[in-house]
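Structural features, examined
Here is how the chains run, residue by residue.
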Amino acid sequence: MRISAIIPSAGRGKRLRENKDKVFVTLDNKPIIYYTLKSLEEIEEIGEIILVVSGRSFMYAKDEFLKKIRFTKVKKVVKGGPTRTDSVWNGLKEIDKTADLILVHDGARPFINKILLKKVIEAGARFGAAVLGVPINATIKKVKSGSVVETVSREYIWETQTPQVFRKDLIVSCYQQAINEGFKPTDDAQVLEHYGKKVKIVEGSILNIKITTPEDLFLAKAILKYQVAKKTFKSIR
């Protein structure tokens, strides 16, 4: 089984209030994207990683970041488009033709681990399409014009995450239709759902956060400290 991983990382990060794209904002002296790529590098089944960045970060990613921090599986750096859909599509056009599965993971989710990666890959291989997600614990209300319309039952409500893993033929064909029709989903699984395909959900982790705001960055620093402390504790036991 051969997997091509596409890492959309073209977000400007305006909400982080930084003057660089958010995946290159530092977390403990390393760019956020470093931790994401490191996790994927360690998965044997992943044969290549395609990093999709914005036009303004393209030369920096190719000529500085990846030359300084060498990741052997990052085979291509691709320019993203105006939307996430366009960016993923640009990555799909560059995948290895021999790939069996496509894994899509947000560049700004640095805390994915090997256990979750293996679980979602296995589900993607078995069912053709699989995503990570966590059940919603909060009370959810539907609001219109500033007033509560109803309280939504949380029994069937999950928050989806990445990675999302798909059989290559499924995601390529569905994305091609979406691009042709101008359909702009909020995640990749929605593309398949839109065209009547079933998607398996695999329980993820609340630590698998996407860094978007300054508060997320603060939380990410705390998670990183927790992970370092946990490893240190295990090593001295």
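Thresholds, definitions, all that
- Residues numbered from 1 in each chain as written.
- Predicted model: local features only at pLDDT ≥ 70, side-chain atom pairs only at ≥ 80, totals over all residues.
- Heavy atoms only, no water.
- Helix = DSSP H or I, 4+ residues; strand = E, 2+ residues; numbered from the N terminus.
- Buried < 20%, exposed > 50% of the residue type's maximum accessible area, 1.4 Å probe, protein only.
- Axes fitted to C-alpha atoms, helices over the stretch in contact; angles between N-to-C directions.
- Parallel < 35°, antiparallel > 145°, perpendicular 65-115°, else oblique.
- Left-handed = near helix turned anticlockwise from the far one by under 90°.
- Contact = heavy atoms within 4.5 Å.
- Nonpolar A, V, L, I, M, F, W, Y, C, P; charged D, E, K, R; others polar.
- Pairing = 2+ DSSP bridges.
- Arc of directions from axis to C-beta.
- Polar contact = N/O pair within 3.5 Å; in protein donor to acceptor, adjacent residues only side chain to side chain.

Quick word on unusual backbone geometry
Omega for the peptide link from T162 to P163 comes to 10°, which places this bond in the cis form. Here P163 lies in strand β10 (residues 158-167). With phi around 70°, N29 is a residue other than glycine that occupies positive phi space. Mapped onto the fold, N29 is located in the loop between β2 (26-27) and β3 (30-31). Using a relative accessible area of 71% as the deciding quantity, one classes N29 as exposed. Positive phi values are uncommon outside glycine, yet S145 reaches one of about 55°.

As for the packing of helix α3 (residues 84-92) against helix α5 (residues 168-181)
α5 packs onto α3 with a crossing angle of 135° between their chain directions and a minimal axis gap of 11 Å. If you check the angle between α3 and α5, you find them oblique. As for how α3 packs across α5, the hand of that crossing is left-handed. Seen from α3, the contacting residues are T85, D86, V88, W89 and L92; seen from α5, they are I171, V172, Y175, Q176 and I179. A breakdown of the residues in the contact of α3 with α5 according to their chemical character gives 7 nonpolar, 2 polar and 1 charged.

Quick notes on the pairing of β10
Of the pairings in the sheet, the one linking strand β6 (residues 101-104) to β10 comprises 4 bridges and is antiparallel in character. Bridge pairing in β10 links V104 to Q164. Pairing analysis gives 6 bridges linking strand β7 (residues 129-135) to β10, with the strands arranged antiparallel. Residue pairing across strands places A130 opposite V165, the latter belonging to β10.

Focus on helix α2 (residues 58-68)
Restricting attention to buried positions, one finds in α2 the residues F58, A61, F65 and L66. Mapping the buried residues of α2 onto a view down its axis gives an arc of 85°, with all of them on the same face. Opposite the buried face of α2, by more than 90 degrees, sit the exposed residues K67 and K68.

Examining helix α1 (residues 32-41)
Given 3.6 residues per turn, any residue in an α-helix points the same way as the ones three and four places further on. When you tally the buried positions in α1, you get 9 out of 10 residues, the bulk of the element. Here α1 has its buried residues at I32, I33, Y34, Y35, T36, L37, S39, L40 and E41.

Here's the deal with the environment of R2
Take R2: it is sitting in the segment before β1 (3-9). Overall, the relative accessible area of 31% leaves R2 in the partly exposed class. Discounting chain neighbours no more than four positions away, the residues touching R2 are E45, G47, D96, T98, A99, D100 and L101. Among the polar contacts made by the side chain of R2, one reaches the side chain of D96 at a distance of 3.1 Å. A polar contact is formed between the side chain of R2 and the side chain of T98, at a distance of 3.3 Å.

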